[in-house]
Number of protein chains: 2
Amino acid sequence: MDIIVDIGGCDTPEKMIGGALAAAKQHPDYRIVIVGDGALIEKYPDIGGAPNLFVENAPDVITNDDSPTHAIRQKPNSSLVKAIDILKNNDDAIGLVSGGSTGAVLTAATLLIGRMKGVLRPVLASPGMPTAVEGKALCVADCGANVDSKPEFLAQFALMASAYVKAVFGVANPTVGLLSVGTENKKGDERTKAAFELIKNLPLNFVGNMEARYALTGDYDVIISDGFAGNVLIKSIEGTAKMVMGQVKGAIKSSARSKLGALFMKKELKGLKSRMDYHVYGGAAFLGVNKLVVKTHGSSNEVSTAASINNIIKMYEHNLIDEINRAVTEYNTTLAAENA
Amino acid sequence: MDIIVDIGGCDTPEKMIGGALAAAKQHPDYRIVIVGDGALIEKYPDIGGAPNLFVENAPDVITNDDSPTHAIRQKPNSSLVKAIDILKNNDDAIGLVSGGSTGAVLTAATLLIGRMKGVLRPVLASPGMPTAVEGKALCVADCGANVDSKPEFLAQFALMASAYVKAVFGVANPTVGLLSVGTENKKGDERTKAAFELIKNLPLNFVGNMEARYALTGDYDVIISDGFAGNVLIKSIEGTAKMVMGQVKGAIKSSARSKLGALFMKKELKGLKSRMDYHVYGGAAFLGVNKLVVKTHGSSNEVSTAASINNIIKMYEHNLIDEINRAVTEYNTTLAAENA
C-alpha cells in the first residue's frame, strides 16, 4: 500500500523528508511516495536508504496566499495537486500526509477525492493534545474546517471522531463531550442545544456538555464543536501553553541563582518538555472523504511527519473508512426512519 | 457615593468581607455597603474599623441551582435582590460587586436595573488576564453573557469594552481585535464577517481579525466575540494555564534533586506566581446597564474583591456610563442615517 507525502508549501520540507524516510524504514510493508521539489529531495542524505521510498517531482507550490479553489485548478503541477492525483487514481494509495496550506489541502481533498456517501461535511479532527493525565490525549473535532455548522454536522463529527480516536489513540470506548458554556444539558447556543439532542441518542460514550476549562483534565477523549469555537479552543490551548512556558523560562533565566537551580532539575524540565510535546501525535486528520488525509503543521518536524504516516497506517489497519461509512449510514437510516 | 457588595451565594463570604473592609479603608470618600448574612458579617474581626462600612442583613441566598428569573422574583430577601434594590432606589449608589450566581446577577441587573437606552445587549467584559507583556492585561467581551449574538451586538460590545478598558486599565487607545479563525479580513463565520464590516467603521483602534493563539501576546487590549466563543477562550486560557503550571509543579516535586533546585529559584517562582495571579484585576464588568456592575468569581479572595470595588470607582470617576451612552448613541445615529 502507498502513502503519499506532500512536502510542498510547508516551511520545513527537509524535516518532512527526514520523517518520511524514517517512516519508510519503520514500515517496510508500505511504500512512501514523497511529492515535492525533486532536486531538494534527491540531495537529502541517505535518501536511497529505504527501498520502499519513492520520489515524485513537483516543485510548484500552493501557498497560503493562493485562493484554494482557484489554485487547485490553476496549478496542476503543484505538489498538492499531484499528490492528490496519485492518491485518487492509484488503488494502492491509501492516504496523504500534507504540510501545505490547510485551506488548499481540505479543498483539494473534498473536491478531488470526494466526500464519503452520506457524510454532510468532512471534519478536521485535531492532532492529539497532551492532557494532565499521562498517556491520555485529547482530540477536538471540528477544529477549523467547518464554520456555521448545522447541528446534524456535529452529530456526524461525533461519530467520525470517536471512530478515529479508537483507531489512532487506541481508546476502546472514547468519552465524547460537547463543547458548551456550561455543563447543564440546556446550556449553550441554539446550535449546541440542538446538537446535544442528536448526539445523546448516538451509540457513543457521550458524557454531555463540557466547559473549555476542563478540556485538558484527561476526562475527555473527544470534544465536539463547530469549527469556529473548536478552532478557538485548540489555538488558545496552544497560545496559553506557550505563554506560560515562556514565563517559566523567563523566571528561570532572570537570575544566576535560579539558573543554578534549574541545573538541579534539568532532567525533570526535559521530561516536562517531552510530556508537553505535541509532535509525537502527528497532524490533524480530515475525516469523511474517500481516502485517508492528514494535514500536518506547516512547521512539521521529523517526529510529527513520521507520526502522521503512522496514523494513516493505524487508520488503514482499523478500516476507519469502513467504520465511518457504517456509523454514518446507520445514523442516516435511523434519522430517515424517525422523519418518515 | 455608595458601592454595594453582595456576598451571598459565593463560596468565600469572609474573604469578600475582608476585601470590602480593605477597600473601605482605602477609599474613605466612598461608602461600602455589605449585603449578606448579618451575623457572619458582624463577627468579622475589625468590622467596625472603617466608619464608611455599612452592613445590610439579607441572609437568604440565590444559588447556582436556582432558575435566575424565578429566583429574583421568589427570593425578595436574598442578598442579591436586596443589593440590587439598594442600587436601584438609592441615587448615591453607583455600583454593585457580587460574588453570586452569574446567571442571577446578570438577569437581576438586566431586569431590575435595566439596559441603557440604545444598548441592544449588555456585555460581560472579562476580568483582566495577564499577558506575556508585563503590565499589559487582556479583556474579552463578551465572555459568556450573550450567545447567538447578532453582528450589531458585537459592534456595541466593541464600543463598550473599549471605553471600559480606557477607564479601568488606563489604556489611552485600546487595540481591539475581533476573535476569528484566521487574521484575513474575510475569515470567520457569518456573524464574525458581518461584525467585521461594522466594527471597522467605528471610531476605535480596531486591528482586525485575530486568532486565539495570539490572545496573550500583549498585542490586544480587547478581544470582541460572541459570548460562546469568548467563553471558550477565557475558560481554555484558565484551564490550560492551570494544567501547565500543574505540570511544572509536578516536575519540580518529582525528585529530591529538583526540589533542591526549586529552593534556588524560590524568589523567581514566587514572582512568576504573582505575575500570573488574576485576582489583582478584580471581577468581570457587566456593561450596558444603568448602573455599574461587577461580577466577581464565586471563590473571590480579599484582593479580587477590593480590586472589583476599585474598578467600580475607576469606572465612576471616568464617567463610564456617560461614555458608553455617548458612544452607543453616536453609533445608533450613524447606523440610522445610513439605513435611512
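Quick notes on the rules
- Residues numbered from 1 in each chain as written.
- Chains lettered and ligands numbered in written order.
- Predicted model: local features only at pLDDT ≥ 70, side-chain atom pairs only at ≥ 80, totals over all residues.
- Heavy atoms only, no water.
- Helix = DSSP H or I, 4+ residues; strand = E, 2+ residues; numbered from the N terminus.
- Buried < 20%, exposed > 50% of the residue type's maximum accessible area, 1.4 Å probe, protein only.
- Contact = heavy atoms within 4.5 Å.
- Pairing = 2+ DSSP bridges.
- Core = buried A, V, L, I, M, F, W, Y, C linked by side-chain atoms within 4.5 Å.
- Salt bridge = Lys/Arg side-chain N within 4 Å of Asp/Glu carboxyl O.
- Patch = residues over 30% accessible without salt bridge, like charges linked within 9 Å, V, L, I, M, F, W, Y side chains within 5 Å.
- Areas by Shrake-Rupley, 256 points an atom, 1.4 Å probe, with all protein chains shown as cover.
- Lys, Arg positive; Asp, Glu negative; His and termini not counted.
- Charge placed at Lys NZ, Arg CZ, Asp CG, Glu CD.
- Buried area = accessible area lost by both parts, 1.4 Å probe.
- Polar contact = N/O pair within 3.5 Å; in protein donor to acceptor, adjacent residues only side chain to side chain.
- Nonpolar A, V, L, I, M, F, W, Y, C, P; charged D, E, K, R; others polar.
- Arc of directions from axis to C-beta.
- Least-squares fit on C-alpha atoms with pLDDT ≥ 70 in both.

Moving on to the environment of Phe228(A). Of note, Phe228(A) is situated in helix α8 (residues 227-253). A residue is classified by how much of its surface remains accessible, and Phe228(A), at 6% relative accessible area, is buried. Sequence separation between Phe228(A) and Asn146(A) is 82 residues; the distance between their C-alpha atoms is 7.3 Å. With sequence-adjacent residues up to four places away left out, Phe228(A) is seen in contact with Asn146(A), Val147(A), Leu179(B), Ser180(B), Val181(B), Gly188(B), Asp189(B), Thr192(B) and Ala229(B).

Residues and elements named next belong to chain B. Neither face of strand β12 (residues 292-295) is left uncovered, since the one carrying Leu 292 and Val 294 and the one carrying Val 293 and Lys 295 both have all their residues buried. Across 4 bridges, strand β4 (residues 93-98) lies against β12 in parallel orientation. When the bridges of β12 are listed, Gly 95 appears paired with Leu 292. Bridge count for strand β11 (residues 284-287) against β12 is 3 bridges, and the pairing is antiparallel. Counted as the bridge partner of Ala 284 is Lys 295 from β12. Counting the residues that bridge the hairpin from β11 to β12 gives 4 residues, and of these Gly 288 lies at a positive phi of roughly 110°.

Right, let's get into the nonpolar core. Of all hydrophobic cores here, the largest spans 108 residues; its most connected members are Ile4(A), Ile223(A), Leu233(A), Ile4(B), Ile223(B) and Leu233(B). Not counting residues within four places of it along the chain, the set of residues in contact with Leu233(A) comprises Val140(A), Leu179(A), Ala212(A), Ala215(A), Ile223(A), Val232(B) and Ser236(B). Counting residues in each nonpolar core, the second largest holds 64 residues, with Val119(B), Leu159(B), Leu292(B) and Ala327(B) among its members.

What follows concerns the pattern of salt bridges. Evaluation of the coordinates by the stated rule reveals 26 salt bridges over all chains. Here Lys136(A) and Asp221(A) are joined by a salt bridge, their closest N and O atoms 2.8 Å apart. Placement of the pair is Lys136(A) in the loop between β6 (129-130) and β7 (137-141) and Asp221(A) in the loop between β9 (205-211) and β10 (222-224), with a sequence separation of 85 residues. Look at Lys136(A) and you get partly exposed, because its relative accessible area is 26%. Using a relative accessible area of 2% as the deciding quantity, one classes Asp221(A) as buried. Here Asp66(B) ties to Lys75(B) by a salt bridge, and the two come within 2.8 Å at their closest N and O atoms. According to the relative accessible area criterion, Asp66(B) is partly exposed, its value standing at 22%. Connected through salt bridges with shared partners, the residues Glu211(A), Arg213(A), Lys235(B) and Glu238(B) form a single ionic network.

Turning next to the environment of Leu202(B). Residue and element names in this part refer to chain B. Mapped onto the fold, Leu 202 is located in the loop between α7 (190-199) and β9 (205-211). Spatially, the C-alpha atoms of Leu 202 and Arg 73 are 39 Å apart, while their sequence positions differ by 129 residues. Here Leu 202 is in contact with Ala 155, Ala 158, Leu 159 and Tyr 331, once residues within four sequence places are set aside.

Residues and elements named next belong to chain A. Taken together, the side chains of Lys 249, Lys 253, Lys 259 and Lys 273 make up a positively charged region of the molecular surface. Among the secondary structure elements, Lys 249 is positioned in helix α8. Residue classification places Lys 249 among the exposed positions, given a relative accessible area of 52%.

Here the focus is unusual backbone geometry. Residue and element names in this part refer to chain A. Cis geometry marks the peptide bond from Ala 141 to Asp 142, where omega comes out at 5°. Its location among the elements puts Asp 142 in the loop between β7 and α6 (151-168). Positive phi, normally seen in glycine, also occurs at Asp 148, with a value near 55°. Checked against the element boundaries, Asp 148 lands in the loop between β7 and α6.

This part is about the environment of His27(A). Within the secondary structure, His27(A) sits in the loop between α1 (13-26) and β2 (31-36). In contact with His27(A), other than residues within four places in its own chain, are Asn52(A), Asn310(A) and Ile313(A).

To continue, consider the interface of chain A and chain B. Taken together, the contacts link 51 residues of chain A with 50 residues of chain B. Here chain A and chain B share an interface that buries about 4,500 Å² over both sides, 70% of which is from carbon and sulfur atoms. Of all residues in chain A, Arg213(A), Phe228(A) and Phe264(A) give up the largest surface area on contact with chain B, accounting jointly for 16% of the area buried on that side. In this structure, the connection of chain A to chain B is made through 4 salt bridges. A salt bridge links Lys235(A) to Glu211(B), with the shortest nitrogen-to-oxygen separation between them at 2.4 Å. Between the two partners, chain A and chain B, sit 14 residue pairs in polar contact (both at pLDDT 80 or more). Ranked by residue count, the leading element in the side of chain A that touches chain B is α8(A), at 20 residues. When the residues that make up the side of chain A that touches chain B are grouped by side-chain class, the tally is 26 nonpolar, 15 polar and 10 charged.

Quick look at helix α10 (residues 266-275) of chain A now. Residues and elements named next belong to chain A. The set of residues buried in α10 consists of Glu 268, Leu 272 and Arg 275. Considered in projection along α10, the buried side chains sweep an arc of 65° and stay on one side of the axis. More than 90 degrees from the buried face of α10, the exposed residues found are Lys 266, Lys 267, Lys 270, Lys 273 and Ser 274.

Here we take up helix α7 (residues 190-199) of chain A. In an α-helix, one full turn covers 3.6 residues, which means residues spaced three or four apart are oriented alike. Buried residues of α7(A): Thr192(A), Ala195(A), Phe196(A) and Ile199(A), and no others. One face of α7(A) carries all of its buried residues, which in axial projection span an arc of 110°. Where α7(A) is buried, its residues contact α6, β8 (175-180), β9 and β10 of chain A together with α8 (227-253) of chain B.

Here the focus is the relation of the copies chain A and chain B. Note that the two copies of the chain are related through a rotation about an axis and a translation along the same axis. Between the two copies, chain A and chain B, the superposition gives an RMSD of 0.0 Å; the rotation angle is 180° and the shift along the axis is 0.0 Å. Expressed as an axis order, the relation between the two copies is that of a two-fold axis. Using C-alpha coordinates, one finds that chain A approaches the rotation axis most closely at Gly261(A), a distance of 1.9 Å. Of all interface residues in chain A, 98% are interface residues in chain B too; the two copies therefore contact each other through one and the same surface.

Attention now moves to the side chain of Asp6(A). All names here are of chain A. Tracing the backbone shows Asp 6 in strand β1 (residues 2-6). Buried and unpaired, Asp 6 has no salt bridge, with Lys 295 as the nearest side chain of opposite charge at 8.5 Å. Here the side chain of Asp 6 touches Gly 8 through a polar contact of 2.9 Å, landing on its backbone nitrogen. Within the local environment of Asp 6, its side chain forms a polar contact with the side chain of Ser 98, the two groups lying 2.7 Å apart. Excluding anything up to four places from it in sequence, Asp 6 contacts Met 16, Val 35, Ser 79, Leu 80, Ala 83, Leu 96, Val 97, Ser 98, Gly 99 and Gly 100.

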